[in-house]
Amino acid sequence: MEQDSKQYVAEAAGPHMEEEADLEARDPESNSLSQPLLKRNRTLSFNPLAIVGTKVSHIESLDYEINENDLFKQDWRSRSRVQVLQYVFLKWTLACLVGLLTGIIATLINLAVENIAGYKLLAVVALIEKERYFMGFIYFTAANFLLTMVAAVLCVCFAPTAAGPGIPEIKAYLNGVDTPNMFGATTLIVKIIGSIGAVSAGLDLGKEGPLVHIGSCIASLLGQGGPDNYRIKWRWLRYFNNDRDRRDLITCGASSGVCAAFRSPVGGVLFALEEVATWWRSALLWRTFFSTAIVVVVLRAFIEICNAGECGLFGKGGLIMFDVSNVPVRYHAADIIPVVVIGLIGGILGSLYNHVLHKVLRLYNLINQKGRIHKLLLSLGVSIFTSVCLYCLPFLAACTPCDSSLPDSVCPTNGRSGNYKQFNCPKGYYNDLATLLLTTNDDAVRNIFSTNTPSEYNPVSLLIFFAVYCVLGLFTFGIAVPSGLFLPIILMGSAYGRLLGMAMGSYTSIDQGLFAVLGAASLMAGSMRMTVSLCVIFLELTNNLLLLPITMIVLLISKTVGDTFNPSIYEIILELKGLPFLDANPEPWMRNLTVGELADAKPPVVTLHGVEKVSRVVEVLRNTTHNGFPVVDDGVVPPVGLAVGATELHGLILRTHLLQVLKKKWFLTEKRRTEEWEVKEKFTWVDLAEREGKIEEVAVTRDEMEMYVDLHPLTNTTPYTVVESMSVAKAMVLFRSVGLRHMLIVPKYQAAGVPPVVGILTRQDLRAYNILSAFPHLARSKSREKH
């Protein structure tokens, strides 16, 4: 397994290494694109490994499809009205708890970050005032080093899946990919502590992405009754022992995380709808909105407490609120030019940022695969480099005299908050670069968004700030600490937005602070390719509805320009990690291929009979890794008018259900179908919800091998099927829209001797890379289309 993991990480590092690995392996199951293949020798193969967090893991799909077997139908018919009301009530109760806990934890993280970073900066400023510059540098660097070490050690040693933002893995999970250990209790604890340590250490990352992951972890733990080892066996929670309801809860958790990060309830719901969730319906919309509403209530309550001075250095700043409503917004015809320019710059810089970050992450993959020590050293090295930049660069900026209209308590200030940091300047002067660098990331955004301050920042200082955060943003994301992309991108975008506002000068009536807001929005749209949710988030974040028209124009232009160069940053990360995410839009060349041809490129389908011998079931489970098997019956007496002795496709049975049959020893001494009471006596629908177990853990005696088992009651009699003549593009849209794990391919012609099922399609079979590996002529036609 270790050897496979190393090979996989090498594949993620680049196509050249991938081709070399294929040539060395000489595996007939994975032919390179350049090798000619005959139709019958094609093999549609795939690698079941992917990087989850920073760890290579075995990947499985999730069972979002309703398994309509006899037990499910009997349970659904027998449910009383009280049980249905219990189920609905518990859904809303869990949605409320998700919002409540996410809001509380987000507030605690904000308070911890602001106070830790605040006291650290106060101590550094006190040393600078005494002109003990070297001691200030040592203290600043050592404090950041220790905070980063805490976050990195926890991620590297205890929860590798807590590293990074977690949003790509959440997207993959909601798309149908089981991401192992992504939502556990250990991951949640490490994510909380690691986020506090990494953000308060001054690293160029935000806590917004981790908050989305934290909300999802809370939702998952509530839905399954707690951690695996200490799970609550509450009777009501049995309703949520399935992948579908867990998916809905995690969607609520992701929405709550965004709301807690930006105090944006509607933006949180739209973020889940636009960026994270693959499957959506109106009932889920109501519950996610309810969860975000609870988050806002919790945040509002804590803001009132903080305004009373009960939050230490957190003070009256609120929970990430960058208010720019104190300036009037007026538009003129000439203002459309700078707005369009900001959108163009955002799209170009966003796509360039994605491209370079992709290269950096591939390099980091090579470093991380060397072991824990290398991961830790990489994180600590980035921390030292960040500390040197943040502390030393303000010395390059000249001191600026304070505006005479400002009171002495406002300018300069080295206190808890404020736009004018004195740093090494004499009394009555401030250092504009220190105002942006020697502060927390949230305060830096507030400072650069500040309105009615046209002469506060020097253009050279803004250029240095923009360059430094571009470099730090590229080097910081990907290290083994919890990290988010939102705030670094906001800081970079606001810098060039404010610079453009300075350049326009008297040619526009838009305030420089509003230009900074538009610049941040443009870079986020150019990198993350979000529009609707991002627009609402910025409007709720800045509390200025008048920005709506120009914000919409900027976002649309930035996304359009960015899409012409490369995919969004999250799509790049998903591809780099190897997570089998199914995109909404199939490739054009998929319309030239049928699902029957895909089935022909796979090994023959493994089927079971409705009443099967135990030895056959054990043999199939031991010799295959498939998770679903078609169940067929021979010699069935069909309805009147059809040929006698037809072959019936009864349905599809899951691997886990076969394991349950073997564990419970539900065997028959003779080959017959069971009665309904016999099934109820041995199984409940709760038993069929279990997903754990391996065939190696099941002991079957020699005498039991000669017995029989009736698979009819446990078989899903309504699997999704497609005709073998259907195009792969159409099948992929159906597969993704419904959230399937298996799709049966049935023959186009029904005749004697024709099997009722010719193949099974899974998620990996529909991935473009895997298809092109088996059909190289499609790769050549794809290349011709590009030319």
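All values reported here derive from a predicted model rather than from experimental measurement.

(A) The arrangement of a negative patch on the surface in detail. On the surface, E690, E692, E696 and E697 cluster together into a patch of negative charge. Along the polypeptide, E697 turns up in the loop between α25 (676-682) and α26 (702-705). Given a relative accessible area of 56%, E697 falls into the exposed group.

(B) Molecular detail of the pairing of strand β2 (residues 55-58). With four bridges connecting them, strand β1 (residues 49-52) and β2 associate as antiparallel partners. Looking at the pairing, L49 lines up with H58 of β2. Taken together, β1 and the strand that follows it, β2, pair antiparallel across an intervening segment of two residues, in which G53 is found at a positive phi of about 70°.

(C) Looking closely at the sheet that holds strand β13 (residues 743-746). Strand order in the open sheet formed by three strands is β12-β13-β14, with mixed pairing between adjacent strands. The open sheet is flanked by β12 (721-723) and β14 (759-761), the only strands paired with a single partner. For this sheet, the mean inter-axis angle between neighbouring strands, taken without regard to orientation, is 35°. Direction of pairing for β13 relative to β14: antiparallel, over a ladder of three bridges.

(D) Structural detail: the nonpolar core. Of all hydrophobic cores here, the largest spans 134 residues; its most connected members are F449, F465, L485, F486, I490 and M528. Sequence-distant contacts of M528, that is, excluding residues within four places in its chain, are made with E275, L485, F486, I489, S568, I569 and Y570. Ranked by size, the runner-up nonpolar core spans 28 residues in total, among them L608, V614, V698 and V700.

(E) Unusual backbone geometry, seen in detail. Despite not being glycine, N181 shows a phi value in the positive range, around 60°. Note on N181: relative accessible area 55%, which makes it exposed.

(F) Molecular detail of the UniProt feature "transmembrane region" (unreviewed entry) in the chain. This chain's UniProt record puts "transmembrane region" (unreviewed entry) on residues 87-113, 133-159, 284-303, 336-356, 376-397, 462-492 and 545-562. Here residues 133-159 is 93% helix and 0% strand, with 38 Å between the C-alpha atoms at its ends. Helix and strand shares over residues 284-303 are 100% and 0% respectively, and the end C-alpha atoms of the span are 29 Å apart.

(G) The arrangement of the packing of helix α5 (residues 133-157) against helix α13 (residues 372-392) in detail. One can describe the packing of α5 onto α13 by two numbers: an axis separation of 9 Å at closest approach and a directional angle of 150°. By the criterion of interaxial angle, the relationship of α5 to α13 is roughly antiparallel. Helix-helix and strand crossings are classified by hand; for α5 and α13 the assignment is right-handed. Residues of the contact of α5 with α13, tallied by class, amount to 16 nonpolar, seven polar and two charged.

(H) A look at the environment of V481. Mapping V481 onto the fold places it in the loop between α16 (459-476) and α17 (486-504). Judged by relative accessible area, V481 falls into the buried class, the value being 0%. Residues V481 and A151, spaced 330 residues apart in sequence, show a C-alpha to C-alpha distance of 5.7 Å. Beyond its immediate stretch of four places on either side in the chain, V481 contacts T148, A151, A152, C155, A163, G164, A198, L203, L205 and S379.

(I) Highlighting the side chain of R763. Considering the arrangement of structural elements, one finds R763 in the loop between β14 and α28 (768-774). Although buried, R763 forms no salt bridge, and the nearest oppositely charged side chain, E60, lies 9.7 Å from it. Engagement of the side chain of R763 in a polar contact is seen with the backbone oxygen of N175, the distance being 2.5 Å. With residues up to four places along the chain from it excluded, the contact list for R763 reads S61, N175, G176, V177, P580, F581, L582, F735, L740 and R741.

(J) Geometry of the environment of D443. Relative to the helices and strands, D443 resides in helix α15 (residues 441-449). Sequence separation between D443 and E114 is 329 residues, and the spatial gap between their C-alpha atoms is 9.4 Å.

(K) A look at the state of the cysteines. Taken as a whole and assessed by the stated rule, the structure comprises one disulfide. In this model C399 forms its disulfide with C425; the gap between the sulfur atoms is 2.1 Å. On the sign convention where negative is left-handed, the bridge of C399 and C425, at about -95° about the S-S bond, is left-handed. Linking C399 in the loop between α13 and β5 (400-401) with C425 in the loop between β5 and β6 (429-430), this pair joins segments that are 26 residues apart in sequence. Among the residues examined, C399 registers a relative accessible area of 31% and is labelled partly exposed. Since its relative accessible area comes to 7%, C425 is described here as buried. There is no disulfide at C157, and the cysteine sulfur nearest it, in C155, is 9.8 Å away.

(L) Expanded view of helix α18 (residues 512-528). With 17 residues, α18 should cover 24 Å at 1.5 Å per step; its first-to-last C-alpha distance of 24 Å lies within 8% of that length. The element α18 is largely enclosed, with a buried count of 17 among its 17 residues. For α18, the capping residue at the N-terminal end is D511, with a side-chain oxygen 2.7 Å from the backbone nitrogen of G513.

(M) Seen up close, a nonpolar patch on the surface. Judged by side-chain polarity, V84, V88, W92, L285 and W286 come together as a nonpolar surface patch covering roughly 440 Å² of accessible area. Elements that contribute at least two residues to the nonpolar patch include exactly α4 (81-129) and α11 (282-307). Looking at the nonpolar patch, the element that brings in the most residues is α4, giving three residues. Mapping V84 onto the fold places it in helix α4.

What counts, and where the lines are drawn
Residues numbered from 1 in each chain as written. Predicted model: local features only at pLDDT ≥ 70, side-chain atom pairs only at ≥ 80, totals over all residues. Heavy atoms only, no water. Patch = residues over 30% accessible without salt bridge, like charges linked within 9 Å, V, L, I, M, F, W, Y side chains within 5 Å. Areas by Shrake-Rupley, 256 points an atom, 1.4 Å probe, with all protein chains shown as cover. Salt bridge = Lys/Arg side-chain N within 4 Å of Asp/Glu carboxyl O. Lys, Arg positive; Asp, Glu negative; His and termini not counted. Charge placed at Lys NZ, Arg CZ, Asp CG, Glu CD. Helix = DSSP H or I, 4+ residues; strand = E, 2+ residues; numbered from the N terminus. Buried < 20%, exposed > 50% of the residue type's maximum accessible area, 1.4 Å probe, protein only. Pairing = 2+ DSSP bridges. Axes fitted to C-alpha atoms, helices over the stretch in contact; angles between N-to-C directions. Core = buried A, V, L, I, M, F, W, Y, C linked by side-chain atoms within 4.5 Å. Contact = heavy atoms within 4.5 Å. UniProt positions renumbered as here; feature names shortened; annotations may be inferred. Parallel < 35°, antiparallel > 145°, perpendicular 65-115°, else oblique. Left-handed = near helix turned anticlockwise from the far one by under 90°. Nonpolar A, V, L, I, M, F, W, Y, C, P; charged D, E, K, R; others polar. Polar contact = N/O pair within 3.5 Å; in protein donor to acceptor, adjacent residues only side chain to side chain. Disulfide = S-S within 2.5 Å. Expected span 1.5 Å × (residues − 1).

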